[in-house]
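# Overview (structure and organization)
Residue-level listing of the chains:
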Amino acid sequence: MLSALYASLFYAATAVLVGGVAWRVIEYARAPAPLRIPTTPAPMTRAGAAGRVAREVVLFESLYRSNKWIWLFGWMFHVALALVLVRHLRYFIEPVWGWVAFAQPFGIYAGFALVAGLAGLWARRFLVERIRYISTWSDHLMLALLAGIALTGLGMKYVAHTDIIGLKEFMLGLMRFDWQPLPADPLLLVHLSLVLVLMVVFPVSKLLHAPGVFFSPSRNQPDDSRERRHLAAWARD
Amino acid sequence: MAGAAVKAPPLKEYPVIPILAPGAMGASKPYAASDKMNEALGFPGKLPEDWHARAIAKMGELLGKYRGLRVFLDACVHCGACTDKCHYFLGTGDPKNMPVARQDLLRKVYRRYFTLAGKWFPKLVGAEDLTEEVLEDWFKYFNQCSECRRCSVYCPYGIDTAEITMAAREIMNAVGMGQKYTNEIIGKVHKIGNNLGLPPRALADTLETLEEEIKEETGVDVKLPLDQRGAEVLLITPSADFFAEPHVFSLIGYAKVFHAAGISWTLSSHASEAANFGVFIGSYEQMKKVSMRVREAALELGAKRLVVGECGHAWRVAYSFWNTLIGPFDFLDPRYPAPQHICELTHDLVERGAIRLEREKNDHRVVTFHDSCNVARGAGMGGVPGGQFTIPRDLIRASCNNFYDMAPETIYESTYCCGGGGGLLSDEIMDLRVKGALPRMEALKQVVDAHGVNFMAMICAICKAQFTKVVPYYDFDMSMVGGVHQLVGDAIRLGELH
């Protein structure tokens, strides 16, 4: 019963996540960008602009220039999240790929960095007057959601071990449409439920900054307007 | 709103991020455009009965037309990186002048009508109905943004508040909530050809008078030709250059450069305006219509090169948008960039030794340079990254011996707006303009104290007009404001009679 419930929820959440993000990305891609609006310092070539977007995605270059504290906590959180996600790949693949096995120890420490980053970002929402002013309920709830996922995850690693073998069977079963029982461990169920919520809210929330950053015209356009004429379909006479 | 009540905030030794003062600028708004001014641009005269439907429809239309708007409205995570970057926030402390808060004025309505989260859980995600109160707030705070794009430099996603402000102003215009200063001026350009409403006859007289003045001062016959067919260069310059001070000194400077280099040039009475306020109200159609006069004039006069005078937003429109709006420029000489900035042209002549500058002529001046926002963050020069920063500075260094830059966090792409850009150069909002100039004034004060700077050069007509008006509030002399070509014009060797 429990296994069937979670299995169907995971299918539904995956559909919402993939379908929802695809819907947004298609909308971004289809909307024209009629005027060249790169913000200085803008590279003159497409390759340069791609490099600029890559630096934004990997290093948070603009944020670094902007505010060192937000950069520190934000970057720490995102890098840690990436490592943790890589580590979690092992529950979805068999045999475990070599580089995933290699990342395993880093992924474990990253769990703590993740929580520290979140704590720093959250503290700013209370301590800095300007950021307190702009924070909405959803900003706080998003942090709570991520913190909940991270803390229940760490809890299963360090406090009350879950049946990780059983979980992996369940996940592999999901992917092979050969359903296996889900260990009925409360901590695990909370962890998975929060992940389900995160998957569902992703395409309708500010988490869209993840695909959005690739489509930002002020960052991804090269500064070539005198050399190349850009004309949107709707702007033709 | 009374001019007499305007008081500048004190200049601090080091810039300090202000404590929030909610509602501090809640009374600041520009004059509304009259029915006639709005209708002349094809907008409804005043708020129509079905304003709500029209506003939402306009927003939907813009979301489909501009990828930037769609991405920018979705991507913000409220990280707060932009909150201390806006000169209007730093000068007023009003939290709605923090870029993210300004964007949220539009974003909350976008969320309510265009996103699932906002339709189902408006309170949770800060979505709000569009009401007349919200519109009123828009009219105030989207007219407290100079579209300078400083916040965009610092945003991790490059969210450009200027794009949001333009969209909001487009929506407001679509429901008859135009702003007097911008809409009246765009109307004048359509009717007469320039922002000042200066008819061709008066323009010709003005140029003649200038020729006489130059002759008197230098003994040289420097010409300022108007509507001269077959001239190589068509110069498009802001109409303020024709008789506002210090703008006119730069115009004299351009004329001397053309004269000394022996380049035939002309101004046009049909396109007697570089400024293009269409960009301020975000209207592609208006921007295109205003620009089209330039193409028409160039073809009519048979010009081979298009050169643009000292004007910030005009250079952004020319550099970044003209090719799209009024191109292709296949009728121009392909050996030169189209369009070319007057600084690029002069810089090239100096490099080639085609004109001579005598620095000593400017020895009474200690100069600094104010990067104008639209040039700094929305355009380029010289075909190399950062050319818009190095080329004007090279010209200044070639024209005078004493040059000092202001603090690094206030120049180049981090430059602060003068406080009067983006269609806000209107006297009824002088309080906002004075406060918005605060960060620039603090940086200026530092170089005045440290190096005895007595001249702030710039290449923007709006900056010149704004600073001339505003620096006295901060106890500086308005004569310290001037153009780069004013320096060039004073240093240039005209040959012949000397």
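The following refers to the structure shown. These numbers come from a predicted model, not from an experiment. (Residues numbered from 1 in each chain as written. Chains lettered and ligands numbered in written order. Predicted model: local features only at pLDDT ≥ 70, side-chain atom pairs only at ≥ 80, totals over all residues. Heavy atoms only, no water.)

Glancing now at the overall build of chain B. Assigned secondary structure in chain B consists of 23 helices and seven strands. For a compact globule of 498 residues, the expected C-alpha radius of gyration is about 23 Å, and chain B comes in at 23 Å, within 12% of that figure. Taking all contacts inside chain B whose residues are at least 6 apart in sequence as the whole, residues at least 24 apart take part in 81%. Carbon and sulfur atoms form 53% of the exposed surface of chain B, whose accessible area is close to 16,900 Å². Here chain B contributes 54 positive and 60 negative side-chain charges, whose respective centroids are spaced 4 Å apart. (Helix = DSSP H or I, 4+ residues; strand = E, 2+ residues; numbered from the N terminus. Rg over C-alpha atoms; globule rule 2.2 N^0.38 Å. Contact = heavy atoms within 4.5 Å. Areas by Shrake-Rupley, 256 points an atom, 1.4 Å probe, with all protein chains shown as cover. Lys, Arg positive; Asp, Glu negative; His and termini not counted. Charge placed at Lys NZ, Arg CZ, Asp CG, Glu CD.)

On the chain A side, the residues contacting the 75 residues of chain B number 56 residues. Overall, the association of chain B and chain A removes approximately 5,500 Å² of surface from exposure, summing both partners, and the carbon and sulfur fraction of that is 56%. Area buried by chain B at its contact with chain A is led by Arg67, His78 and Tyr319 of chain B, which between them contribute 13% of it. Summed over the shared surface of chain B and chain A, the number is four salt bridges. A salt bridge links glutamate 344 of chain B to arginine 226 of chain A; the shortest N-O distance between them is 2.8 Å. Connecting chain B to chain A are 41 residue pairs in polar contact (both at pLDDT 80 or more). (Buried area = accessible area lost by both parts, 1.4 Å probe. Salt bridge = Lys/Arg side-chain N within 4 Å of Asp/Glu carboxyl O. Polar contact = N/O pair within 3.5 Å; in protein donor to acceptor, adjacent residues only side chain to side chain.)

This part is about the pairing of strand β3 (residues 305–308) of chain B. All names here are of chain B. Of the two faces of β3, both are covered, the one formed by Arg305 and Val307 as well as the one formed by Leu306 and Val308. Sheet topology places β3 next to strand β4 (residues 340–341); two bridges connect them, and they run parallel. The residue of β4 that forms the bridge with valine 308 is histidine 341. Between the parallel elements β3 and β4, the chain passes through helix α16 (residues 312–326) in a crossover that is right-handed. (Buried < 20%, exposed > 50% of the residue type's maximum accessible area, 1.4 Å probe, protein only. Pairing = 2+ DSSP bridges. Right-handed = clockwise from strand over helix to strand, strands pointing away.)

In this section: the sheet that holds β3 of chain B. Residues and elements named next belong to chain B. Strands sit in the order β2-β1-β3-β4 across an open sheet of four strands; the sheet is parallel. The open sheet terminates on both sides in strands that have one partner only, identified here as β2 (265–266) and β4. The pairing of strand β1 (residues 233–236) with β3 spans four bridges and is parallel. Opposite leucine 234, over in β3, you have leucine 306 as the bridge partner.

Moving on to helix α12 (residues 200–218) of chain B. All names here are of chain B. Taking 1.5 Å per residue, 19 residues should reach 27 Å; α12 reaches 27 Å between its end C-alpha atoms and fits that length. Where α12 is concerned, the buried positions are Leu203, Thr206, Leu207, Leu210, Glu211, Ile214 and Thr218. Projected down its long axis, α12 shows its buried positions confined to an angular sector of 145 degrees, all on one face. Among the exposed residues of α12, those pointing more than 90 degrees away from its buried face are Arg201, Glu212 and Glu216. Packing partners of the buried residues in α12 comprise α13 (240–243) and α14 (247–261). (Expected span 1.5 Å × (residues − 1). Arc of directions from axis to C-beta.)

Turning next to the sheet that holds strand β6 (residues 455–458) of chain B. Residues and elements named next belong to chain B. Strand order in the open sheet made by the three strands is β5-β6-β7, with parallel pairing throughout. Either end of the sheet is taken by a strand with one partner, and the two such strands are β5 (367–369) and β7 (481–483). Direction aside, the axes of adjacent strands within the sheet are offset by 35 degrees on average. Pairing analysis gives three bridges linking β6 to β7, with the strands arranged parallel. The partner of methionine 456 across the bridge, within β7, is valine 481. (Axes fitted to C-alpha atoms, helices over the stretch in contact; angles between N-to-C directions.)

Now for a negative patch on the surface. All names here are of chain B. Together, Glu208, Glu212, Glu213, Glu216, Glu217 and Glu245 make up a region of like negative charge exposed at the surface. Mapping glutamate 245 onto the fold places it in the loop between α13 and α14. Glutamate 245 sits in the exposed class, given a relative accessible area of 54%. (Patch = residues over 30% accessible without salt bridge, like charges linked within 9 Å, V, L, I, M, F, W, Y side chains within 5 Å.)

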